[in-house]
Amino acid sequence: MKTGLVLEGGGVRGLYTAGVLDVFLEHGIHFDGVIGVSAGAIHGCSYLSKQHGRSIRYYTKYCSDPQFMSFSSLIRTGDLVGADFCYHEIPEKLDVYDNEAFLRNGIPFYAVCSNVETGKPEYLQMTDMFRDIEILRASASMPYVSRIVEIGGKKYLDGGSTDSIPVEAFQSMGYGKNVVILTRDSSYRKKPELRGLAKLWYRKYPAFAQAQENRYLHYNRTLDRILELEKKGSIFVIRPSLPPTVGRMENDPQKVRELYDLGRADALQAVDDLKKWLDK
């Protein structure tokens, strides 16, 4: 049975996931495949290249830089998250991504993207991080504050709009035993967004607008399903032991570090049980 790692998104809350993944690297915990959504996909990259500490290092260094994520970037470029700075300047020059290590690793890696025209999720495999960087950008391009990303003639936005926690999708792809890292605590349930906003904003793409409006329903159903699978023992879940206090756009390095440290603490608490579960 193939083991999979499923990584939820959540903007800056993804630093929780980065903490968990660094503990996995320290303890030699690896998987047959990895799938990530938005920030989950971003931090999954450093895990797969085995660059321990990379995510927290560049986040704390650049999160308050207007080029990284800011409303000024949104006004200037149409993207809240600076596309050139985050997807080229940082990984190619400022905190270089070890693409050779990723290629040597060879573990299949998928990023979830939402097809804007169909309103459906697509699970796109990344085989070369630099060549396929637009897949990563599409997966993390939040609705309303990002330009649509075109890949191969298709239009994409944030994978979280259509499949925020793709555990069932990964099961259908042959990964029968999955570890799921969530970025919300066990009490969280998503609420509907402002009614009519998506249909107004994405009126040219009615299928995506409908998916965006229904996102909270799909998300909460997925959480219910995760609880069922967890009770059956078919998945292993790591989630924040405390409600995260940062928002999707947090730019305080200290708060970002605290969330990363929470991920580390929760992972260290779970690591022995996880190893036993994986060995079953």
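Look a little higher up for the structure.
Residues numbered from 1 in each chain as written. Predicted model: local features only at pLDDT ≥ 70, side-chain atom pairs only at ≥ 80, totals over all residues. Heavy atoms only, no water.

**Re helix 12 (residues 253-279)**
Here is the rule we go by: Working definition: helices are DSSP H or I runs of at least four residues, strands are E runs of at least two. Numbering for both runs from the N terminus. Between the first and last residue of a helix there are one fewer steps than residues, each counted as 1.5 Å, and that sum is the expected span. Bend angle per residue: angle between axes fitted to the 7 residues ending at that residue and the 7 residues starting there. The classification of residues rests on relative accessible area computed with a 1.4 Å probe and restricted to protein chains. Under 20% of the type maximum is buried, over 50% is exposed, and intermediate values are partly exposed. Should any heavy atoms of two residues lie within 4.5 Å, those residues are considered in contact.
Spanning 27 residues, helix 12 covers 37 Å between terminal C-alpha atoms, matching the ideal 39 Å at 1.5 Å per step. Val271 marks the point of greatest bend in helix 12, at about 50°. Taken together, the buried positions of helix 12 are Val256, Leu259, Tyr260, Leu262, Gly263, Arg264, Asp266, Ala267, Ala270, Val271, Leu274 and Trp277. In this structure, the buried side of helix 12 is in contact with helix 1 (14-26), helix 3 (54-62), strand 7 (177-181) and strand 8 (235-238).

**Comments concerning the packing of aromatic side chains**
The description of an aromatic ring pair rests on the distance of the ring centres and on the angle between the ring planes. Heads up, the condition is: Each Phe, Tyr or Trp ring, with Trp reduced to its six-membered ring, pairs with another whose centre is within 6.5 Å; inter-plane angles below 30 degrees give stacked pairs, above 60 give edge-to-face pairs, and intermediate values give tilted ones. Counting as a charge over the ring demands two things of the Lys NZ or Arg CZ atom: a distance within 6 Å of the ring centre and an angle within 35 degrees of the ring normal.
Summed over all chains, the structure comprises 13 aromatic pairs. A centroid spacing of 6.3 Å and a plane angle of 80° characterise the contact between Phe102 and Phe109, whose relative ring orientation is edge-to-face. Each ring, one from Tyr202 and one from Phe208, has its centre 5.0 Å from the other, and the planes form 85°; the classification is edge-to-face. A relative accessible area of 0% places Phe208 in the buried class. Every member of this aromatic cluster is reached through a ring pair, and the members are Tyr144, Trp201, Tyr202 and Phe208. Against the face of Tyr175 rests Lys2, its NZ or CZ located 4.2 Å from the ring centre. Taking NZ or CZ as reference, Arg184 lies 4.0 Å from the ring centre of Tyr188, over its face.

**Structural notes on the packing of helix 2 (residues 39-48) against helix 3**
Put simply, the rule reads: What counts as an axis is a line fitted to C-alpha atoms, over the stretch in contact for a helix, and the angles between N-to-C directions run from 0 to 180 degrees. Note on angle classes: values under 35 degrees are labelled roughly parallel, values over 145 roughly antiparallel, values of 65 to 115 roughly perpendicular, and the remainder oblique. Three classes are used, and their members are as follows: Ala, Val, Leu, Ile, Met, Phe, Trp, Tyr, Cys and Pro are nonpolar, Asp, Glu, Lys and Arg are charged, and the others, Gly among them, are polar.
Close contact between helix 2 and helix 3 brings their axes to 9 Å; oriented N to C, the two are set at 125°. With respect to helix 3, the axis of helix 2 lies oblique. Contact with helix 2, carried on its side by Ile42, His43 and Ser46, involves Arg54, Ser55, Tyr58 and Tyr59 of helix 3 and no other residues of that element. Partitioning the contact of helix 2 with helix 3 into residue classes produces 3 nonpolar, 3 polar and 1 charged.

**Looking at the pattern of salt bridges**
The test is simple: Here, a salt bridge means any Lys or Arg side-chain nitrogen found within 4 Å of an Asp or Glu carboxyl oxygen.
Scanning the entire structure with this criterion turns up 14 salt bridges. The partner of Glu26 in a salt bridge is Arg264, and the shortest N-O contact between them spans 2.6 Å. Residue Glu26 is found in helix 1, and its partner Arg264 is found in helix 12; the two are separated by 238 residues along the sequence. The salt bridge involving Arg225 is made with Glu168; its shortest N-O contact spans 3.1 Å. Placement of the pair is Arg225 in helix 11 (residues 215-232) and Glu168 in helix 8 (residues 167-172), with a sequence separation of 57 residues. Each member of the salt-bridge network shares a partner with another, and the members are Asp79, Glu134, Arg137 and Arg147.

**Let's talk about helix 2**
Among the 10 residues of helix 2, 10 are classified as buried, and the element is accordingly described as predominantly covered. Among the residues of helix 2, Ala39, Gly40, Ala41, Ile42, His43, Gly44, Cys45, Ser46, Tyr47 and Leu48 are the ones counted as buried. After helix 2 finishes, the residue Lys50 shows a positive phi value of roughly 60°.

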